[in-house]
Amino acid sequence: MDNNHKNKKYSLLIPSKILTDYSLSFNDKLILGFDFYFVDKMEHNRLLNTEISELLHLHKNIVSRSRKHLIEVGILRKQNRIYYLNDIDLFVEKGDARDVVIPYWIYNNKNLSTGSKLLWGEYNSISKGKKSYFASREFTANKLGCSVQSVSKWTKELDDNNLLKSYKVVAGYGTKQKRIVTCTFSKQGKIL
C-alpha cells in the first residue's frame, strides 16, 4: 500500500452479520470495513494503524486496541504487518443485500461519531438517496447493537451535519414513524 492513502477514497463494506455482532465495538465494526474492502481487491489489508486512524479520525491507540481485539476473537490474523480476514464465509450471508457501504465522505467526516457513521450506512442500505428508510428506532437499535437513545442522538447528529436529504416524522392514528432519505455525493464529495 502506498503511503499516499490520503488521495484514496475507499468505500468501506460492513456485512450485515458483522453489523449486528454485539461482541464487537462500533470502532471494531468500522475498522473491519477496511479489511472487507481489501479482501475483494488484494486479499489482505496493509494499512497501518496510523493510516486508518487518520482516515477515521480516531486515535491510533483506539485502532490498535480494536485490531488486537479482532485478532483475539478470531476475525483477523496478522502476519508481519499485513492483516487477513479469517474465514470470510462466516461473516457474509449469501443473498443478504443489506450489507452496509460507507463512503469516504462519511467515514472521513471528523464531525461524526463512529456510531453515527455506522447509522448513516444502515439508513443508506435501504435509502440509497432515493427511498425512505422507515424502520422503527427499536429495529434500528437492534440492527446496530445499540440503545434506542443512541439511534435518536446519532440521527440528530447526521441531520445537523446535513447528511440526510430528508428526515420527517410522520404521525398517524396511533402511530409515529420516522422517514429518512440519505444524501448522495458527487465524485468530489459535494452533497447532492
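See the structure printed just above.
Summarised in this report is the structure supplied together with it.

Conventions and cut-offs
- For every chain, the first residue of the written sequence is number 1, and numbering continues from 1 onward in sequence order.
- This being a predicted model, a pLDDT of at least 70 is required before a residue's local features are given, and a value of 80 or more before pairs of side-chain atoms are given or counted; all residues contribute to the totals for chains, interfaces and linings.
- Only hydrogens and water are removed before side-chain values are computed, so all heavy atoms of the structure are retained for them.
- Starting at the N terminus, helices and strands are each numbered in turn, a helix being any DSSP run of H or I of at least four residues and a strand any DSSP run of E of at least two.
- Put simply, the radius of gyration uses C-alpha atoms, and a globule should come to 2.2 Å times the residue count raised to 0.38.
- Partly exposed residues are those whose accessible area sits between 20% and 50% of the maximum for their type, while under 20% is buried and over 50% is exposed, using a 1.4 Å probe and protein chains only.
- Residues count as neighbours in contact if any of their non-hydrogen atoms are within 4.5 Å of one another.
- Each accessible area is a Shrake-Rupley result for a 1.4 Å probe, and residues are judged covered by the shown protein chains and nothing else.
- An expected span of 1.5 Å times one less than the residue number is assigned to each helix.
- Within this analysis, the arc is defined by the directions that extend from the helix axis to the C-beta atoms.
- Pairing between strands is defined by DSSP: at least two bridges between them are needed.
- Only the six-membered ring of Trp is used, alongside the rings of Phe and Tyr, when aromatic pairs are assigned; centres must lie within 6.5 Å, and planes under 30 degrees apart are stacked while those over 60 apart are edge-to-face, with the rest tilted.
- A positively charged side chain is recorded as over a ring if its NZ (Lys) or CZ (Arg) lies within 6 Å of the ring centre. The angle to the ring normal must also be within 35 degrees.
- Note on patches: the residues involved have over 30% relative accessible area and no salt bridge, like charges join within 9 Å, and the nonpolar side chains Val, Leu, Ile, Met, Phe, Trp and Tyr join within 5 Å.
- The rule for a salt bridge is simple: a side-chain nitrogen of Lys or Arg has to be within 4 Å of a carboxyl oxygen of Asp or Glu.
- In this tally Asp and Glu are treated as negative and Lys and Arg as positive; neither His nor the chain ends contributes.
- Taken as the charge centre is NZ of Lys, CZ of Arg, CG of Asp or CD of Glu, depending on the residue.

### Considering the overall build of the protein chain
Reasoning step 1: A count of helices and strands for the protein chain gives 8 helices and 6 strands.
Reasoning step 2: N-terminal to C-terminal, the α/β element order of the protein chain is β-α-α-α-α-β-β-β-α-α-α-α-β-β.
Reasoning step 3: For the protein chain, the C-alpha radius of gyration of 17 Å lies close to 16 Å, the compact-globule estimate for 192 residues.
Reasoning step 4: Considering only C-alpha atoms, the protein chain reaches an extent of 60 × 35 × 30 Å along its principal axes.
Reasoning step 5: Scored against the burial criterion, the 192 residues of the protein chain give a buried share of 47%.
Reasoning step 6: Put simply, of all contacts in the protein chain between residues at least 6 apart along the chain, 60% involve residues at least 24 apart.
Reasoning step 7: Summed over its atoms, the accessible surface of the protein chain is roughly 10300 Å², and 49% of this surface lies on carbon and sulfur atoms.

### Here's the deal with helix α4 (residues 60-72)
Reasoning step 1: In this model, α4 (13 residues) spans 18 Å end to end at C-alpha, consistent with the 18 Å of a helix rising 1.5 Å per residue.
Reasoning step 2: Residues of α4 that are buried: Val63, Ser64, Ser66, Arg67 and Leu70. Down the axis of α4, the smallest arc covering the buried residues is 165 degrees, so these residues share one side. The exposed residues of α4 that point more than 90 degrees off its buried face are Arg65, Lys68 and Glu72.
Reasoning step 3: Where α4 is buried, its residues contact α2 (26-42), α3 (49-56), β2 (76-79) and β3 (82-85).
Reasoning step 4: Count one or two residues on from α4 and you reach glycine 74, which has phi positive near 85 degrees.

### Let's talk about the pairing of β3
Reasoning step 1: Residue alternation in β3 divides its side chains into two sets, Ile82 and Tyr84 and Tyr83 and Leu85, and both sets are buried.
Reasoning step 2: Pairing of β2 with β3, which is carried by 4 bridges, proceeds in the antiparallel orientation. Bridged to glutamine 79 within β3 is isoleucine 82.
Reasoning step 3: What sits between β2 and β3 in their antiparallel hairpin is a turn of 2 residues, with asparagine 80 showing a positive phi close to 55 degrees.

### Section: the packing of aromatic side chains
Reasoning step 1: Under the defined criterion, the tally for this structure stands at 10 aromatic pairs.
Reasoning step 2: Between tyrosine 37 and phenylalanine 38 the ring centres are 4.9 Å apart and the planes differ by 85 degrees, which places this aromatic pair in the edge-to-face class.
Reasoning step 3: The aromatic ring of tyrosine 104 is capped on one face by lysine 9, whose charged end is 5.0 Å from the ring centroid.
Reasoning step 4: Looking at arginine 67, its charged tip hangs above the ring of tyrosine 83, at a distance of 3.7 Å from the centre.

### Things to note about a positive patch on the surface
Reasoning step 1: On the surface, a cluster of positive charge is made up of Arg65, Lys68, Lys78 and Arg81.
Reasoning step 2: You can see lysine 78 is positioned in strand β2.

### Some details on the pairing of strand β5 (residues 164-172)
Reasoning step 1: Taken together, the 8 bridges between β5 and strand β6 (residues 175-182) define a ladder with antiparallel strand orientation. The residue of β6 that forms the bridge with tyrosine 167 is isoleucine 180.

### Some points on unusual backbone geometry
Reasoning step 1: Not every positive phi belongs to a glycine, and histidine 57 is a case in point at roughly 60 degrees.
Reasoning step 2: Relative to the elements of secondary structure, histidine 57 occurs in the loop between α3 and α4.
Reasoning step 3: At asparagine 162, a residue that is not glycine, the phi angle is positive and equals roughly 60 degrees.
Reasoning step 4: Relative to the helices and strands, asparagine 162 resides in the loop between α8 (148-160) and β5.
Reasoning step 5: When its relative accessible area of 54% is taken as the criterion, asparagine 162 is described as exposed.

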